[in-house]
Structures are given as C-alpha cells and as structure tokens.
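# Coordinate inspection notes
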Amino acid sequence: MCGFAGFVNETGNLEENKKVIQAMADRIRHRGPDQDDYYVDEDVSLGFRRLSIIDLEGGSQPILNEDGTKVLVFNGEIYNFQPLREELIAAGHVFKTRTDSEVLLHGYEEWGKGLLSRLRGMFAFVIWDKNEKKLFGARDIFGIKPFFYFLKGKKFLFGSEIKTFLESPQFEKELNEERIPDYLCFEYIPTNETLFRNVYKLSPGSCFTWQNGQFKEEAYFKLEYNINDTKTAEYWGNMIDDTFKDSTSAHAIADVEVGCFLSSGVDSSFVVHEMAKHEKVKTFSVGYAEEQYSELSHAEEFAKHEEVPNFTHKITAEEYFRETPMIQYYMDEPLPNPSAIALYFLAKLAREQVKVVLSGEGADELFGGYHYYREPLEFEKYQKLPQGLRNGLGGAASHMPRFHGKRYLMRGRLPIEERFIRNNYVYDHSEMDKVLAKKIPSKNPAVYTKKFFDDAGDIDDVSKMQYVDIKTWLVQDILVKADRMSMANSLELRVPFLDREMLKVAMQIPAKDRITKETTKYALRLAAARNLPEKTSKMRKTGFLTPLNDWLKRDEFYSQVKAKFESDEAAKFFNRDFILKLLEEHKAGKAHNMKKIWSIYCFLLWYDNYFVNIPAAN
C-alpha cells in the first residue's frame, strides 16, 4: 500500500523535476510514511510513498524491470500475485523481490493489457515504457483505490490524491464551479469530473495510455448481471459462504499483523468470524456517549462470542467538530457523509495496534443490503397497470390533499429510472436557485444516472438499482471515505466482499434471493447463519448513525457553523439568508435540516483548505 505521484516533464531540468516530484510525494506522506523513492528521466518523473505490508525489506518503488526500460509505481494489493509470479517465472522472467508490485511489471511485459483480466485485488498503477515513450495505467474494477489526473493541453499530472498537484508548477488550480449543484444533490460529483477544473478520476475497471501528448482511456472490464434462476436460495448461501472463506483468506495475506473493523452488522461480523478461525484477531469499534447512536454494546458482545480482543473508543462532539476541517482536507473533495468522521476515528484507533484491517464495505451493494431495494416489490402489482392509467392516477393524486396512499400512486407511476436517482439525495434539483448565490445552470440528477440504467440492460428493477449504486454511491462515497480516512491514519483497509470472485457469485443471484419483503441480503444472511449467532445474522441494517442532528442544536456547535455561514466565502457561493434560515429552523426544532446544513458546512471547510489556508504537507 502506498501513494504515488507523477507527471510528464515540461522541461529537461532533472534537478528541478526531482524537487517537484519529491514535494508532490511529501504532500501525501500519510499514505506511506515508511519509505520514499523517485524516478526521474528526461521525459517523466515518478514519486512514491510506501506503507510496508509485503516484503518489508525489498518492496521499494519505483521498481524497474531487468533492463531498466520499464518503471512501475503502484498503490494497492494483488491477492493472487503468488500464482501469477510462478507463472511468470516459468515463462522466463527474473524477479528481484517477493512483492506483488513486481508481478504487475513482469505481467505487463508478458501479457500487456491482458494482465488486467488476471488480477484479483485492489489497485491503481502506472508503468512508464521508456522505449515506447508511453505511460500505461489502470484502476481496479470496483474503484477501491483512487487515481486522479490533471489534463490540460500537453500537461499531464497524476496521483493517488488530488492534493499532490498543489506542489506542481504545472497545476492550474481552479474551482470547477459548474459542478457545485451536482455536489449539493449527490454529496459528490457523479461523473469522472471533480471540483477542480481539468482534474479527473480514472473510472473503475478502466486503463489509459499517454503517448505523444495524447491521453486515451478505455474500459477493460464490464459489470454485467448473469442471473441464474435454476438454483435455490440455500445454494446461493452456500456459494457465498465458500467464496467468502476463500476471499477472506486471500485478503489476509501480509507480512504484518492484520486486524478487523467491527460494527453491529452482519457484514463486519462475518469478516471477523472468518479471521478469528485462524488467530485472535484484534477488532476495533467506535461509538458515542449518546447510547442511542452507539453500536458498541453489540460489537463488544460479538467480540466476546468470537473470543477476540475488541478495542473501542467513544467519540465526543468536541473531537468530532475539532477534526472535521482537517478531515475535509484529507478527502480531496468535500464529502459530507457524517459517518466519514466516525470512520476517521475508527482508523486512528486501529492504527495504534495494526497496519492493515479488513472491513465489510461492498456487501450492501453486491448482495442487496439497503432497505430501499425493497421498493420495486411494493410497486410490483401497480407497475403492471398500463402506463397511461398510472399517469392518470398519479397525476390526479398529486392535486389532492394528503391521504394514505398518495405517495404510492404518485411515485409508483414512474419508471425506476426516474424515481431512483441515488439512495437519498440532499438538495432537490428545484432548490438550487434558492441555495446558490448566483444562477448556475444545472441538470436534473436523473440525467447522470440514466446512463447507468441504460448500461444495466434488460434486468429487473432491484438489480438495476444495485447496478447504479455500484457505479455511483459505492465508488464515489463509500470507497472514497474508506480509502481517505484509513490512509489519513497510514492504515491499509481491505474489503473482502469487493473481490472479483465474490462479484461473480453476486451477479448470478436472482433478485428474489437477494431481497424479500421481509429482509435484505437474504442469501448473504443464509450464509452468515451457518457461521454467526442468529441475533447477528438477522441484525437489521442501521447505517453508521451519528448524533450530529442533536449536536447541531447545541449552542457551541451551532455558533461554529453559523460563523462559517456568515463568512465572505459563504456569500461567494450561497444565499446566506437561505442557509442561515436552515440552521435557525434546525436549532429551533422546526425542521430536520442536518444533511443540508452539513453539506454546505463541509464544502466551506474544504474550500478553506484548498483555496484560502492550505495546510502544510504533513
């Protein structure tokens, strides 16, 4: 695990380029505090920060092939690197290390782009081919590991985090103001753009080349459902169980101690159970003094059942608000999901004991864990009525006073592409003119998600919703906070549910065996029931709750947020009267505006970090 940075040289001044790439790598020292190294030639500059996990003595990067014509920088882990290494040795390749990174380098020599279809892991990497004067890079199929690039004319910079670009004289920092409405709706930018103009995200499952001043990106992997209706739910439960055992074992490979995050849910508990079979794995949990928001009692109870140590921390409101500004700096782009701050404290707790943890991210998206996936079942009979009749019923209901069933008639008339935009967007499209200080043309959020509905093909509505979430919510929110909050604490986070073999199983399971009217993750819970206590396997999903709604009503934190809302920066982007009214109504208990308030507040903290008072490199 590490962080990397690089750029195509504008000048041939090797000394100056070396200084720049060192500064870029130092900006993300938190991703790899154990070691740094660099490669600079007349064409490119590459920098690397290492967190030593595998081959502690020999795993330094950038790493070169035998004749020095190809150079690699790599962030992530390849879980099947050992069999690939043996295959490459049999083909005549000579290895200098025991690392998975060298497997990528020789694998590219042997198979070219075909290497990518063989990889089981999380990764973002770049290979410089000195003979062909070509950069080749790729990102894993889920987007677990980040990859950003700045592209303007002949300028091309890339790195594990956007903040590396701050140290480059080539970088032209500019706010991508047109994307603010998208952020306010989704909590993130739902395309490959970012809030920095000309800075982009490499798409999951994509690779790129840079040669002769030309950038080209293409997909090497396509996510597809391949539903198999011939098997029972019990069969799929067994398949999940067997495949997950293998995935967890692969994800546990390391030359350092591996721990686990543990909440009250079935996903992290399943991970802990598998790890606890082999050792008394250390587990880590956080909660709050406010017991109604805390999962600690459930986590502690399960840890005792598994006979593993459980380290805990109760987050206070004071430390939550104290750390939030710096957390928005670590995020690269504003991410107002309140659970991200809790995840930061969880990672901080774990890093006191271990360098690597396993966690349960991805199970909900792959196996149907969100309650809103049950909505198509509620509308199943209604959706069989002719569209014209549904339009008439829904239209008539919209003009009537509130009555039981009104929402059902109105919402159920719409096809899934129109009624499911994301799991819970913050500001409605119609509110943009009220909240923004000036008119910024914006698109209906359905415009962004329609592409993914179209890509999903002719499948059932539940599967379409999951497909869209995998392509948007998972990669733009869940995995962003998982990566940034763990790496902010120099901790490697691995996600065994997001495994290529697990995905093959998930894409075959019929919707009826993923979601029922009674429960979510049905097949996964059957697998868990073979291993976990009934209370745990049937635990309802609660999400990572926080007391933020209550804290924002307390004078000290209300005043803190209010000061930001009254600032000159706030006036630059937002209608101050409108956002202050949101805050006042929330404090008075007249409205539940926490998400709207927190989205604005996090944006202002982020803007301050990147455009007003940039923190020093750590």
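Before going into details, it helps to say that this report is about the structure given with it. (Residues numbered from 1 in each chain as written. Predicted model: local features only at pLDDT ≥ 70, side-chain atom pairs only at ≥ 80, totals over all residues. Heavy atoms only, no water.)

### Re the pairing of strand 15 (residues 310-315)
When strand 14 (residues 283-288) meets strand 15, the two strands line up parallel, connected through 6 bridges. Bridged to Tyr-288 within strand 15 is Ile-315. Crossover handedness for the path strand 14 to helix 7 (residues 296-306) to strand 15: right-handed. (Pairing = 2+ DSSP bridges. Helix = DSSP H or I, 4+ residues; strand = E, 2+ residues; numbered from the N terminus. Right-handed = clockwise from strand over helix to strand, strands pointing away.)

### Section: helix 7
When we look at burial in helix 7, the residues that qualify are Leu-296, Ala-299, Phe-302, Ala-303 and Glu-306. Seen along its axis, helix 7 keeps its buried residues to an arc of 130 degrees; they face one direction. Against the buried residues of helix 7 lie helix 6 (266-276), strand 14, strand 15 and helix 20 (534-537). (Buried < 20%, exposed > 50% of the residue type's maximum accessible area, 1.4 Å probe, protein only. Arc of directions from axis to C-beta. Contact = heavy atoms within 4.5 Å.)

### Section: helix 22 (residues 555-565)
What helix 22 keeps buried is the set Phe-557, Tyr-558, Val-561 and Phe-565. Buried residues of helix 22, viewed axially, fall in a sector of 105 degrees; they line one side. For helix 22, the secondary structure elements touched by its buried residues are helix 8 (317-331), helix 21 (548-551), helix 23 (568-573), helix 24 (576-587) and helix 25 (594-612).

### Things to note about the sheet that holds strand 14
Ordered in space as 15-14-13-16-17, the 5 strands form an open sheet in which the pairing is parallel. The open sheet is flanked by strand 15 and strand 17 (492-494), the only strands paired with a single partner. Here the average twist between neighbouring strands, direction ignored, is 30 degrees. In this fold helix 9 (residues 339-351) packs onto strand 13 (258-261), strand 14, strand 15 and strand 16 (356-358), with an angle of close to 140 degrees to the strand it touches most, strand 14. (Axes fitted to C-alpha atoms, helices over the stretch in contact; angles between N-to-C directions.)

### Some words on the environment of Thr-191
Along the polypeptide, Thr-191 turns up in the loop between helix 4 (180-186) and strand 10 (199-201). For Thr-191, a relative accessible area of 24% corresponds to the partly exposed category. With 280 residues separating them in the primary sequence, Thr-191 and Lys-471 have C-alpha atoms 10.0 Å apart. Thr-191 has contacts with Lys-201, Tyr-448 and Gln-476, leaving out every residue within four places of it along the chain. Of note is the side chain of Thr-191, whose polar atom sits 3.1 Å from the backbone nitrogen of Glu-193. (Polar contact = N/O pair within 3.5 Å; in protein donor to acceptor, adjacent residues only side chain to side chain.)

### Some details on the pairing of strand 2 (residues 35-40)
Pairing geometry for strand 2 and strand 3 (residues 44-50), over 6 bridges, is antiparallel. Residue pairing across strands places Tyr-38 opposite Gly-47, the latter belonging to strand 3. The antiparallel pairing of strand 2 with strand 3 creates a hairpin that spans 3 residues between the two strands.

### Some points on the packing of aromatic side chains
Counted by the stated rule, this structure contains 52 aromatic pairs. Plain terms: the ring middles of Tyr-108 and Phe-136 are 4.8 Å apart, the flat faces sit at 20 degrees to each other, and that makes the pair stacked. One end of the pair, Tyr-108, is in helix 3 (residues 100-111); the other, Phe-136, is in strand 7 (residues 134-139), with 28 residues separating them in the sequence. In terms of burial, Tyr-108 and Phe-136 fall into one category: buried. Centre to centre, the rings of Phe-574 and Phe-603 are 5.5 Å apart; their planes meet at 85 degrees, and the pair counts as edge-to-face. (Phe/Tyr/Trp six-rings, centres within 6.5 Å; stacked < 30°, edge-to-face > 60°.)

### Considering the packing of helix 6 against helix 19 (residues 522-529)
Each pair of packed helices can be summarised by the angle the axes make with each other and by the distance between the axes. At a minimum axis separation of 11 Å, helix 6 and helix 19 run at an interaxial angle of 35 degrees. Considering only the axes of helix 6 and helix 19, their crossing is left-handed. Packed against helix 6, whose contacting residues are Val-266, Asp-267 and Phe-270, the element helix 19 presents Leu-524, Arg-525, Ala-527 and Ala-528 at the interface. (Left-handed = near helix turned anticlockwise from the far one by under 90°.)

### Looking at the pattern of salt bridges
Here the structure, examined in full by the defined rule, presents 53 salt bridges. In this structure, the salt-bridge partner of Asp-499 is Arg-120, at a minimum N-O distance of 2.7 Å. Here Asp-499 is found in the loop between strand 17 and helix 18 (500-506), whereas its partner Arg-120 is found in the loop between helix 3 and strand 6 (121-129), with 379 residues between them in sequence. By relative accessible area, Asp-499 is classed as buried at 2%. A salt bridge links Arg-322 to Glu-323; its shortest N-O distance comes to 3.5 Å. In this structure Arg-322 comes out as exposed when scored by relative accessible area, which is 52%. The buried category is assigned to Glu-323, whose relative accessible area is 15%. Through salt bridges with shared partners, a single ionic network connects Arg-31, Lys-145, Glu-161, Lys-163, Asp-332, Asp-483 and Arg-484. (Salt bridge = Lys/Arg side-chain N within 4 Å of Asp/Glu carboxyl O.)

### Quick look at the environment of Ile-144
One can find Ile-144 in the loop between strand 7 and strand 8 (148-152). Looking at Ile-144, the relative accessible area reads 6%, which means it is buried. Remark: the alpha-carbon pair of Ile-144 and Gly-76, spanning 68 residues in sequence, is separated by 8.7 Å.

### Considerations on the sheet that holds strand 11 (residues 206-211)
Reading across from one edge, 4-5-6-7-11-12 is the order of the 6 strands in this open sheet, with antiparallel pairing throughout. With partners counted over all chains shown, the strands left at the sheet margins are strand 4 (63-64) and strand 12 (214-219), one partner each. With 6 bridges connecting them, strand 6 and strand 7 associate as antiparallel partners. Pairing of Ala-124 across the sheet is with Arg-139, part of strand 7.

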